[in-house]
Number of protein chains: 2
Amino acid sequence: MSQFDHVAVSKKANVYFDGKCVSHTVQFADGTKKSVGVILPANLTFNTGAPEIMETVAGRCRYRLQGEDWKTCGVGEQFSVPGNSQFDIEVAGEPYHYVCHFA
Amino acid sequence: MSQFDHVAVSKKANVYFDGKCVSHTVQFADGTKKSVGVILPANLTFNTGAPEIMETVAGRCRYRLQGEDWKTCGVGEQFSVPGNSQFDIEVAGEPYHYVCHFA
């Protein structure tokens, strides 16, 4: 499934880290939200409020949860990040396209 | 209206100019498409296939259509670009958030 159907999408993007990460917010009929975004080649650290699941749409990344080792996440894979936490993400070469699911 | 309702949105972004422009495609129930995107501070030249209308959602840009002078487009304003043409766009300071309507 290459798209989300029957949703609302924000016209204004979320721009983080001087544009190294750009996403748009998607809202579903049941009120839940996700974001569709891109991370350009960079090494970034994100803080989480709510728990979230990062799903790779295209490209790949390396990521490190707090207290864990670096792992890789490719297309069709995902990783979960606890709430009130943070994770490091490394994107090299091609842009990393993702869907972020909020738990 | 800060969002498009009852649409489909692509999970994968369109990434142009090494990420200086990132957009997601939005499809409406009638089959028409728009894109919601961001241009980071840069001077870029875009080529058009179909005619398009660029609408400013946040920030501002300067633009120049072929054979015309530079003009400014701020929030709530828009400009039309003919098909099979090109335009220069200059974004300085803050990211430029836009909706691109395809005619």
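Residues numbered from 1 in each chain as written. Chains lettered and ligands numbered in written order. Predicted model: local features only at pLDDT ≥ 70, side-chain atom pairs only at ≥ 80, totals over all residues. Heavy atoms only, no water.

Named according to an unreviewed UniProt entry, chain A is Pyrimidine/purine nucleoside phosphorylase originating from Rugosibacter aromaticivorans. The Function (unreviewed entry) comment attached to chain A in UniProt states, word for word, "Catalyzes the phosphorolysis of diverse nucleosides, yielding D-ribose 1-phosphate and the respective free bases. Can use uridine, adenosine, guanosine, cytidine, thymidine, inosine and xanthosine as substrates. Also catalyzes the reverse reactions." Under Sequence similarities (unreviewed entry), UniProt gives the following word-for-word description of chain A: "Belongs to the nucleoside phosphorylase PpnP family." (UniProt positions renumbered as here; feature names shortened; annotations may be inferred.)

Draft legend 1. View of the interface of chain B and chain A. Residue-level contacts link 31 residues of chain B with 31 residues of chain A. Each partner contributes to the roughly 2400 Å² buried at the junction of chain B and chain A, and carbon and sulfur atoms together form 68% of this total. In terms of surface lost to chain A, no three residues of chain B exceed Val9, Lys11 and His97 of chain B, which account for 28% of the buried area on that side. Counting every contact that joins chain B to chain A gives zero salt bridges. On the surface where chain B and chain A come into contact, there are eleven residue pairs in polar contact (both at pLDDT 80 or more). At the level of elements, β1 (3-10), β3 (21-27), β4 (33-39), β6 (52-58) and β11 (96-102) of chain B are the ones that each hand at least two residues to the side of chain B that touches chain A. The greatest single-element share of the side of chain B that touches chain A, amounting to eight residues, is contributed by β1 of chain B. In the side of chain B that touches chain A, the residues fall into 17 nonpolar, nine polar and five charged. (Contact = heavy atoms within 4.5 Å. Buried area = accessible area lost by both parts, 1.4 Å probe. Salt bridge = Lys/Arg side-chain N within 4 Å of Asp/Glu carboxyl O. Polar contact = N/O pair within 3.5 Å; in protein donor to acceptor, adjacent residues only side chain to side chain. Helix = DSSP H or I, 4+ residues; strand = E, 2+ residues; numbered from the N terminus. Nonpolar A, V, L, I, M, F, W, Y, C, P; charged D, E, K, R; others polar.)

Draft legend 2. Looking closely at unusual backbone geometry. Its identity as a non-glycine residue notwithstanding, Phe17 of chain A has a phi of 50 degrees, on the positive side. Relative to the assigned elements, Phe17 of chain A resides in the loop between β2 (14-16) and β3 (21-27). With a relative accessible area of 37%, Phe17 of chain A lands in the partly exposed category. The phi dihedral of Asp18 of chain B falls on the positive side, at around 55 degrees, and the residue is not glycine. Examined against the element boundaries, Asp18 of chain B turns out to sit in the loop between β2 (14-16) and β3. By relative accessible area, which is 80% here, Asp18 of chain B ends up exposed. (Buried < 20%, exposed > 50% of the residue type's maximum accessible area, 1.4 Å probe, protein only.)

Draft legend 3. Layout of the pattern of salt bridges. Taken as a whole and assessed by the stated rule, the structure comprises six salt bridges over all chains. The shortest N-O distance in the salt bridge between Asp88 of chain A and Arg64 of chain A comes to 3.0 Å. One end of the pair, Asp88 of chain A, is in strand β10 (residues 86-91); the other, Arg64 of chain A, is in strand β7 (residues 61-65), with 24 residues separating them in the sequence. Given the relative accessible area of 32%, Arg64 of chain A is considered partly exposed. Here Lys71 of chain B ties to Glu68 of chain B by a salt bridge, and the two come within 3.0 Å at their closest N and O atoms. Judged by relative accessible area, Glu68 of chain B falls into the partly exposed class, the value being 35%.

Draft legend 4. Molecular detail of the relation of the copies chain B and chain A. Rotating chain B by 180 degrees about the axis while translating it 0.0 Å along that axis superimposes it on chain A, leaving an RMSD of 0.0 Å. Here the transformation between the copies is reduced to the relation of a two-fold axis. Within chain B, the C-alpha atom positioned nearest to the axis of rotation is that of His6 of chain B, 2.4 Å from it. When the interface residues of chain B are mapped onto chain A, 100% of them are again interface residues, pointing to one common binding face. (Least-squares fit on C-alpha atoms with pLDDT ≥ 70 in both.)

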